[in-house]
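# Geometric and topological summary
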Amino acid sequence: MAASGTPILKVTDVSKAFGAVQALNKVGFELLPGEVHALMGENGAGKSTVGKIIAGIYSADEGSIQFEGREVKIDSPAAAISMGIAIVMQEFNSMPHLPVYENVFLGHKEIFKHGFILDKGEAIRRTTELLAMFGMEEQIQPLSRLRDLTVAEQQIVEIIKAVSYESKVIILDEPTASLTQKEADRLFAVVKRLKEKGVAFIIVSHRFNEIFEISDKITVFRDGECVLKNVNMKEMDEQKLVRAMVGREIKDFFGSKVDLAADFEKRPVLTVEHLRDTWDFIQDLSFEAKSGEILGIAGLVGAGRTTLVRSIFGAEGRKGGTVRVDGAEVKQGDPGDAIKKGLALVTENRKEEGLFLDFSICQNMAFAKTANGKPYVLPHKREEEDCRGMIEKLRVKLGHFRDPAKSLSGGNQQKVVLAKWLLTNPKVLILDEPTRGIDISAKAEIYTILHQLVAQGVCVVVVSSELPEVLGICDRVLVMRDGSITGELNAKEASEEIIMSYASFGTAS
Amino acid sequence: MSGKKNEAARSKFQVFAAGHRSEITMGGALVILFVILCIISPVFLTSRNMTNILSQVSFTAVLALGQTFVMLTGGIDLSVGSVLGITSMVGAMLMRSTESVFLAIAVTLLLGAVIGCVNGLLVSRFDIPAFVVTLGMMQVCRSADYLLSGGHAVNKLPDSFRAIAGAEIAAGFRVYYLVIILLFFAVHWVLSNTKLGRYTYAIGSNVEATRLAGVNTKLYTLLPYIISGLMAAIGGVLMGSRFGAVDPNYGNSYEMNTLAAVVIGGCAMTGGKGTILGTAIGVLFMGVLTNGLDITGVSPYWQGVATGSVLILALLFERLTNRKKV
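Predicted model, so just to flag it, every value in this text is computed and none were measured.

## A few points about the overall build of chain A
What chain A contains, in helices and strands, is 17 helices and 22 strands. Expected size for 509 residues packed as a compact globule is a radius of gyration near 23 Å; at 24 Å, chain A falls within 12% of this value. With respect to the principal axes defined by its C-alpha atoms, chain A has extents near 65 × 45 × 45 Å. Looking at chain A residue by residue over its 509 residues, the buried ones come to 56%. For chain A, long-range pairs separated by at least 24 residues make up 66% of all intrachain contacts whose partners lie at least 6 apart in sequence.

As structure tokens, then:
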């Protein structure tokens, strides 16, 4: 069935403010049955907020929503679900201790006998069916506990949950952020199949290629307003889309590498030898990173990249091996010592491991420097100056630097975390998925900052699942698979194909 | 940048108000309660009654200081009342047997800190929930208190000891009120201006981020319990000195009054949120309310209904006003 007829969902003039920040200003779009509608925009542009309003998680300050031609008030997620609107979010909303089938069917009234006893057999049967639809029945058992699955598998369960409601509208908020290409392809196959049945999708994503692959229409947000509305995807191309999103053209997206040859010699600053992690997943891993270079660490989800950088920094213990920064050995399992020696780690989960959401932006930025500095009495004045400097340098968009960090958008929160580590003046800055869920102009800004740091002689190590990013910014790339380094590539000789081959098979071809 | 532009537009007060909503709400409620009592009771606003209130809240206030510290890390200390009991009893018995007031006070304070340290170690090193650890400690200490005293009060404490809390600045206004007030200022300063203070909030807000920033989170989770134990012992010294005797029931059920006051003052049970200003307001509010019920002749049987309802209503009000913002 092609997308046609009257809109199933119509959003008109919706506005929403969070404190002093106007997140949405009279935005709207239309969704036809069987249509995949992309919402694009930079972080903080408001696209996720729209999705959450439609799903009943936030309430709009003004504006109207029509569902199947009637004006509706969606004041809770339960109301949205009973209407036939489901959302799959970036942050999971699941119960890690419960098995997969209970996670999927807990919200289903019809599967409870007499209204309160879960029909276990039926729930398991239907979960298996749904898993089969994704071709995941081998990998995910309905009885496994959710917490035992990988992040990607948990994401699939979230999507299955949304599908299980037989929803008419499904909102996918960054659905592929933690999926491998293969898993993403499976997801899109399911989207296409459901589309045939008339299910409409709203998809929020930063990945251009998937937007062009899967979407029929697109609405673009910038600073809380719609700049393009219900545009047919056939009339779009990447250039047009980027222009619409940022209001200007981004030349030289990945920033330019600065030529350093004249300024100083590249010398090894980070030396890792025979590293063995606490779980013996990584057993004997050695590499070097030099000052003035950006070293990329690529690999599939689960290759051990995060474990590697966490055990280098001491966020996790090491069973063996040494880590040296400028010759000085870094103690195992002691982040304080790592910081003293000149290491910094921007972790992949900024909310869980990076930010104090209720702390002010200033306190967040100053935290690590103050914690590792001398005075026991907090140097408020110096913190404030540092913070102003960083806001300027990283172009953080904020209301007031005394506002809590939770008032910021994802991209700006990431900049706050980055600022926290930059203020410790690291010799080696390690970033784990630094641009996950971040809009393109914030991405470009972060790349520029990394290049500036490298020009000052800092060694930057980037763990990333986005191959264009790895190829675009790194000087050298290490590829990991199953806890070992399977390939080392010069930026010039690397290509997505070669990296994928090392990551999947451990060889170049 | 946009930051500077907005900075000018928002006054210091607005920024303060945004960060201290529960303090302002409860502060307002305290003022209203105060005014109402002034109007309906002729004896409320007499210096005698005012000093009476101070006397009534003083012990809860000291315990609340330690409790605030612990709750900011996301913990809870249910043992404060019993620690007050056991430390004051040990101090009183030492005083009678050794005749040395100084030694007795030193041991009292040390004992409080040690008990707090045991609490803190069990919570920080062994990851046992603070609720369980301090619930157990509460029972152990109270029981030890009875065993040690045989259930009898220790009377006739030395005059030099009684003089500590007995000294008055003006009629009815005792020196130790001033000490407690200074203690509030000191703890406020520590919480807002030292690493200890910042780490305390940080641990309650996001312990993993705190650890990854190089902070010894185990140590800084432990310290608040030691402070709480110490505060309880200070409360024990003041109570013994004030009444010249120590009864094995001293501090009984104080942990609940303390918790109520701290929570009313805006401290979050989950940690990371709360201020000493809020705790001061919470303590005063509960004190003024209890006193108001007393002097207006409300039956003591009704007082629990009043204070309990106020506690729940305060949190209900906060949740309702917060929810609108989302």
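## Looking at the interface of chain A and chain B
Counting residues at the interface gives 47 residues for chain A, matched by 30 residues for chain B. When chain A packs against chain B, the two sides together hide about 3,100 Å² of surface, and 56% of this comes from carbon and sulfur. A salt bridge links R198 of chain B to E383 of chain A, with the shortest nitrogen-to-oxygen separation between them at 2.6 Å. The tally of links from chain A across to chain B stands at 16 residue pairs in polar contact (both at pLDDT 80 or more). Broken down by secondary-structure element, the contributors of at least two residues to the side of chain A that touches chain B are α9 (305–313), α10 (335–341), α11 (350–354), α12 (361–371) and α13 (380–394) of chain A. Broken down by element, the residue count for the side of chain A that touches chain B peaks at six residues, all from α12 of chain A. A per-class count over the side of chain A that touches chain B returns 22 nonpolar, twelve polar and 13 charged.

## Comments concerning the pairing of strand β15 (residues 294–299) of chain A
All names here are of chain A. Taken across its six residues, β15 has six buried, putting it largely inside the fold. Here β15 shows no split at all, with I294, G296 and A298 on one side and L295, I297 and G299 on the other all buried. Note: β15 against strand β20 (residues 459–463), four bridges, orientation parallel. Pairing of I294 across the sheet is with V460, part of β20. The pairing of β15 with strand β21 (residues 476–481) spans five bridges and is classified as parallel. The partner of A298 across the bridge, within β21, is V479.

## Some remarks on the side chain of T424 of chain A
All names here are of chain A. Position of T424 among the secondary structure elements: in the loop between α14 (410–422) and β19 (428–432). For T424, the side chain forms a polar contact with the main-chain oxygen of W421, separated by 2.7 Å. Other than its neighbours up to four places away in sequence, T424 contacts I339, A344, A368 and K369.

## Notes on the nonpolar core
Formed by 167 residues in total, the largest nonpolar core has its most connected members in L270, I312, L343, M365, L429 and L450 of chain A. Here this core takes twelve residues from helix α4 (residues 47–72) of chain B, the largest share from any one element. Non-local contacts of M365 of chain A, meaning those with residues more than four positions away in its chain, are made with C387, M390, I391, V396, V416, A419, K420 and L423 of chain A. Within the second largest apolar cluster, 51 residues are counted, among which are F105, I140, I214 and V242 of chain A.

## Observations regarding the packing of α12 of chain A against helix α10 (residues 195–205) of chain B
Interhelical geometry of α12 of chain A versus α10 of chain B gives an angle of 125 degrees and a closest axis separation of 12 Å. Relative to α10 of chain B, α12 of chain A is oriented oblique. Of the two elements, α12 of chain A crosses α10 of chain B, and the hand of that crossing is left-handed. Seen from α12 of chain A, the contacting residues are Q363, A366, F367, T370 and A371 of chain A; seen from α10 of chain B, they are K195, R198, Y199 and A202 of chain B.

## Thoughts on the packing of α4 of chain B against helix α13 (residues 254–264) of chain B
All names here are of chain B. Relative to each other, α4 and α13 sit at 65 degrees, their axes nearing to 9 Å. Crossing of α4 against α13: the hand is right-handed. Together, F59, T60, L63, A64, Q67, T68 and M71 of α4 and Y254, N257, T258, L259, V262 and V263 of α13 make up the contact between the two elements.

## Quick notes on the packing of aromatic side chains
Centre-to-centre distance and the angle between the planes together describe a pair of aromatic rings. In this structure the tally under the stated criterion is twelve aromatic pairs over all chains. Look at F359 of chain A and F367 of chain A: their rings are 6.4 Å apart centre to centre, the planes differ by 55 degrees, and that puts the pair in the tilted class. Taking relative accessible area as the criterion, F359 of chain A reaches 6% and is therefore assigned buried. Ring centres of F34 of chain B and F44 of chain B lie 5.0 Å apart, and the angle between their planes is 75 degrees; on these two criteria the pair is classed as edge-to-face. Taken together, the positions of F34 of chain B in helix α3 (residues 21–40) and F44 of chain B in the loop between α3 and α4 put the pair ten residues apart, joining distant regions of the chain. A relative accessible area of 28% places F34 of chain B in the partly exposed class.

So, how was this worked out
Residues numbered from 1 in each chain as written. Chains lettered and ligands numbered in written order. Predicted model: local features only at pLDDT ≥ 70, side-chain atom pairs only at ≥ 80, totals over all residues. Heavy atoms only, no water. Helix = DSSP H or I, 4+ residues; strand = E, 2+ residues; numbered from the N terminus. Rg over C-alpha atoms; globule rule 2.2 N^0.38 Å. Buried < 20%, exposed > 50% of the residue type's maximum accessible area, 1.4 Å probe, protein only. Contact = heavy atoms within 4.5 Å. Buried area = accessible area lost by both parts, 1.4 Å probe. Salt bridge = Lys/Arg side-chain N within 4 Å of Asp/Glu carboxyl O. Polar contact = N/O pair within 3.5 Å; in protein donor to acceptor, adjacent residues only side chain to side chain. Nonpolar A, V, L, I, M, F, W, Y, C, P; charged D, E, K, R; others polar. Pairing = 2+ DSSP bridges. Core = buried A, V, L, I, M, F, W, Y, C linked by side-chain atoms within 4.5 Å. Axes fitted to C-alpha atoms, helices over the stretch in contact; angles between N-to-C directions. Parallel < 35°, antiparallel > 145°, perpendicular 65-115°, else oblique. Left-handed = near helix turned anticlockwise from the far one by under 90°. Phe/Tyr/Trp six-rings, centres within 6.5 Å; stacked < 30°, edge-to-face > 60°.

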